[in-house]
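# Descriptive structure summary
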Amino acid sequence: MTIFTDVEMSPKDPILGMTEAFVSDSRTEKVNLGVGVYLNAQGKVPILDCVRQGTQRYLSDLKPCSYQPIDGLAAYNAAVRALVFNRNDDLMARAVTVQGLGGTGSLRVGAQFLKQLNPDAKVLISTPSWENHEALFARTGFTVESYRYYDANVGLDFAGMLEDLNAADPGTILILHARCHNPTGYDLTAEQWVQVAEVVKERELVPFFDMAYQGFGTGIEADGFAVTEFAKYDVPMLVATSFSKSMSLYGERVGGLTVLGNDADEAARLLSVLKVCIRTLYSNPPSYGANIAAQVLSDPSLRQLWEAELYQMRDRIKAARGDLAAKLSGLPKDFSFVTEQAGLFSYTGLNPDQMRAMRENHAVYGLDSGRICVAAINDDNIDRVVAAIASVL
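One numbering rule holds for all chains: residues counted from 1, following each sequence as written. In keeping with the predicted nature of the model, local features appear solely for residues at pLDDT of at least 70, side-chain atom pairs appear and are counted solely at 80 or more, and the whole-chain, interface and lining totals rest on all residues. Calculated side-chain values reflect all of the structure's heavy atoms, with hydrogen atoms and water omitted.

Before going further, it helps to examine helix H3 (residues 74-84). Between buried and exposed lies partly exposed: a residue is buried under 20% and exposed over 50% of the maximum accessible area for its type, with that area taken using a 1.4 Å probe on protein chains only. Only runs of H or I of at least four residues qualify as helices and only runs of E of at least two qualify as strands under DSSP, and these elements are numbered from the N terminus. Counting buried positions along H3 yields eight of 11 residues, so the element is predominantly enclosed. Positive backbone phi, approximately 50°, marks Asn86, located one or two places after H3.

What follows is the structure in structure tokens.
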């Protein structure tokens, strides 16, 4: 007998475990709509031209691969902070950004940071939310509860959301999806964001934005509206960002955590605490992906090219939504809502049994929650996806 003898097998991750099952499936016509990855019209993860050019520039003046500072590449952090706050000098002066290991790593650093500052706080996540939100904050030691967000009959349950936020205790950490809500695809309007900001201010809640899909909704500036709007209310705020999707840098784990304080002095003190959290988690972040992203964000020509390529990806997803809704029209279930959603995902309203039947009988893989990745649909597989959905209704 050892300490390992009674270790039980942990359940597979609902998303990555789905990918494992997809890879092991021998059927050649299989379709993976489970993982949150943008695929081009040929079903491939693209290499953006802006990234290709940024990589060439970086490699042309390659420097020794020494340790980075604890908080990461300074040029990258400055560029991310400018992106998050739309180049607002006042906000940038009282905020601090640290390089994170993708969006997940950035959320994890933020969770550790908040646990140190307010260990007894509760965390509220939307119902539903990205599967890793609950696990990540619970593993950090927080009690995680939920606020209403989605209703199968009406879509966005904004009235329920406001009621739950108004009942939250001061200091509660509120996880918000800035744009392209994962998994539902339903977003708040600008007017609704203002109402939420007012509740956050009145109830003294701590908003923590997960902004992994900036640019996939309407545009970079428009998709950052919630963050810049909340900043007007002078509330402590955290923002986790990622360039996995928007620059197709999935494997490089390029993310960031930005924390907004009251002034530059407070921001400096916040940075000192963040650096202690990072030092005890992974010491310091990798350099390669951050250097590429910094090249793209800081050079005007590459930045312009990036935005153009990002919006092409966004428009392809919108077109796929339209095609899917059109091909599903006439079925017993109305799927017109697909075009009302935004971002990579659609919450189909299909139940776990229906999703399992699609996998088993048609090799069309989606999550048991009913979430599918619209960005994985193309001309070659859409008819198979439609047939699979039709067969389970």
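Text resumes after the structure shown.
On to the pairing of strand E3 (residues 122-127), then. Bridge analysis of E3 against strand E4 (residues 143-148) gives six bridges, and the strand direction is parallel. Looking at the pairing, Leu124 lines up with Glu145 of E4. Handedness rule for crossovers: strands pointing away from the viewer, path from the first strand over the helix to the second running clockwise, crossover right-handed. Handedness of the crossover is the feature at issue here: the chain leaves E3, passes through helix H6 (residues 131-139), returns alongside E4, and the resulting connection is right-handed. Pairing between strands is defined by DSSP: at least two bridges between the two strands are required. For E3 and strand E7 (residues 173-177), the ladder comprises two bridges, and the chain directions are parallel. In the strand pairing of E7, Val123 is matched with Ile173.

Within the secondary structure, Leu188 sits in the loop between E7 and helix H8 (190-203). Linking Leu188 and Leu156, residues 32 residues apart in sequence, is a C-alpha distance of 8.0 Å. Those residues in contact with Leu188 that lie beyond four places of it in its chain are Tyr149, Leu156, Phe158, Met161, Trp193 and Val196. Between two residues, a contact is recorded if the distance between any of their heavy atoms is within 4.5 Å.

For any two helices packed against each other, the geometry comes down to the angle between their axes and how far apart the axes lie. Packing of helix H5 (residues 102-117) against H6 leaves a shortest axis separation of 10 Å and a crossing angle of 35°. The hand of the H5/H6 crossing is right-handed. Between H5, through Thr104, Leu107, Arg108 and Ala111, and H6, the contact on the second element is made entirely by Asn132, His133, Leu136 and Phe137. Tallied by class, residues from the contact of H5 with H6 come to four nonpolar, three polar and one charged. Axis angles are defined between N-to-C directions and span 0 to 180 degrees, where every axis is a line fitted to C-alpha atoms and, for a helix, only to the segment in contact. Working rule for handedness: look at the near helix, and if it is turned counterclockwise from the far one by less than a right angle, call the crossing left-handed; if clockwise, right-handed. Residues are grouped as follows: Ala, Val, Leu, Ile, Met, Phe, Trp, Tyr, Cys and Pro are nonpolar; Asp, Glu, Lys and Arg are charged; all remaining types, including Gly, are polar.

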